[in-house]
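Structural features, examined
Chain by chain, the residues run as shown.
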Amino acid sequence: MTYSINAVTRRVVLSGSAGTGPYPFTFEILDDDDIQVYKDTTLLTKTTDYTVTINANGTGSVTLNTGTTNVPSAPTSSNTITVIGSRDIERTTDFVTAGDLLASSLNEQLDSLTIFDQQVAEEQKRSLQAPVFDPAHVDDGGVLDMTLPAKATRASKYLAFDSDGN
């Protein structure tokens, strides 16, 4: 794979109005196992519940399979489909002293490190650990903001949520 890993959020929440899809994601992946897909709050299973198409630039789309336990019928606009980066954090290449140092191996490892950083950054945005299927973060044009007030403002206060869950 020879494409750049761009500075994007590794998560997209889409309306189920596309039915079975395709549901596009604009972050790059190296392998079709590098994502997780949710229908509303349910984590779907690759191959059983959905398939992944990877474009030449590393972005791609997800198409849902209907008739499964998790996707009995095509989603509607009342459903949400969440696609999130989920590359396993592991090192798959070991460079040995006096061994071959291939640019392709270095690029793959550096791409993986960038993806890991983006995944952690995306997860951190949802702290206090909002579920991945919640609305998008305010930094990404959504309404979710889990930022606590300053220490002096929150002293002797309780954590509470309004009728919208904010």
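In case you missed it, the structure is sitting above this.
This structure is a prediction, so every number in the text was calculated from the model and none was measured.

The next thing to look at is the packing of aromatic side chains. Any aromatic ring pair is given by two values, namely how distant the centres are and how the planes are angled relative to each other. In the structure shown here, the tally under the stated rule is two aromatic pairs. Geometrically, the ring pair formed by Phe 25 and Phe 27 is tilted, given 5.1 Å between the ring centres and 35° between the ring planes. For Phe 27, a relative accessible area of 1% corresponds to the buried category. With centroids separated by 6.2 Å and ring planes inclined at 55°, the aromatic side chains of Tyr 38 and Phe 133 adopt a geometry described as tilted. Note that Tyr 38 is positioned in strand β3 (residues 35-39) and Phe 133 in the loop between α1 (103-125) and α2 (151-154), a separation of 95 residues in sequence.

Pairing between the strands of a sheet comes from backbone hydrogen bonds, and it takes one of two forms, parallel or antiparallel. Read from one edge to the other, the open sheet built from three strands follows the order β2-β6-β5, with strand pairing classed as antiparallel. Where the open sheet ends on each side, the last strands, each with one partner, are β2 (23-25) and β5 (50-54). Neighbour-to-neighbour, the strand axes of this sheet turn through a mean angle of 25°, independent of strand direction. In the sheet, β2 pairs with strand β6 (residues 60-64) via three bridges, with the strands oriented antiparallel. What sits directly across from Tyr 23, in β6, is Val 62.

For the rest of this paragraph, the subject is α1. For α1, spanning 23 residues, the distance from its first C-alpha to its last is 33 Å, which sits close to the expected 33 Å at 1.5 Å a residue. Taken together, the buried positions of α1 are Ser 105, Gln 109, Asp 111, Ser 112, Ile 115, Phe 116, Gln 118, Gln 119 and Glu 122.

Right, let's talk about the layout of surface pockets for a bit. Counted as a void, the largest pocket has a volume near 150 Å³. Taken together, 14 residues line the largest pocket, and the ones lying closest to its centre are Ile 84, Gly 85, Gln 119, Glu 123 and Arg 126. Elements with a contribution of two residues or more to the lining of the largest pocket: β3, β7 (80-85) and α1. Grouping the amino acids of the lining of the largest pocket by side-chain chemistry returns six nonpolar, four polar and four charged.

A separate point is the environment of Leu 148. The topology assignment puts Leu 148 in the loop between α1 and α2. In sequence terms Leu 148 and Leu 128 are 20 residues apart; their C-alpha atoms lie 9.0 Å from each other. Leu 148 has contacts with Arg 154 and Leu 159, leaving out every residue within four places of it along the chain.

Let's shift gears to the pattern of salt bridges. Evaluation of the coordinates by the stated rule reveals five salt bridges. One salt bridge in this structure joins Lys 46 and Asp 33, with 2.5 Å as the shortest N-O distance. Within this pair, whereas Lys 46 is found in the loop between β4 (42-43) and β5, its partner Asp 33 is found in the loop between β2 and β3, the two being separated by 13 residues in sequence. The exposure class assigned to Lys 46 is partly exposed, which follows from its relative accessible area of 26%. Classification of Asp 33 by relative accessible area gives partly exposed; the value is 48%.

Rules behind the numbers
Residues numbered from 1 in each chain as written. Predicted model: local features only at pLDDT ≥ 70, side-chain atom pairs only at ≥ 80, totals over all residues. Heavy atoms only, no water. Phe/Tyr/Trp six-rings, centres within 6.5 Å; stacked < 30°, edge-to-face > 60°. Buried < 20%, exposed > 50% of the residue type's maximum accessible area, 1.4 Å probe, protein only. Helix = DSSP H or I, 4+ residues; strand = E, 2+ residues; numbered from the N terminus. Pairing = 2+ DSSP bridges. Axes fitted to C-alpha atoms, helices over the stretch in contact; angles between N-to-C directions. Expected span 1.5 Å × (residues − 1). 1 Å grid on protein atoms, 1.4 Å probe; cavity = no way out; pocket = protein on both sides within 12 Å on 5 of 7 lines; lining within 4 Å. Points joined across faces, edges and corners; volume = space filled by probe spheres on them. Nonpolar A, V, L, I, M, F, W, Y, C, P; charged D, E, K, R; others polar. Contact = heavy atoms within 4.5 Å. Salt bridge = Lys/Arg side-chain N within 4 Å of Asp/Glu carboxyl O.

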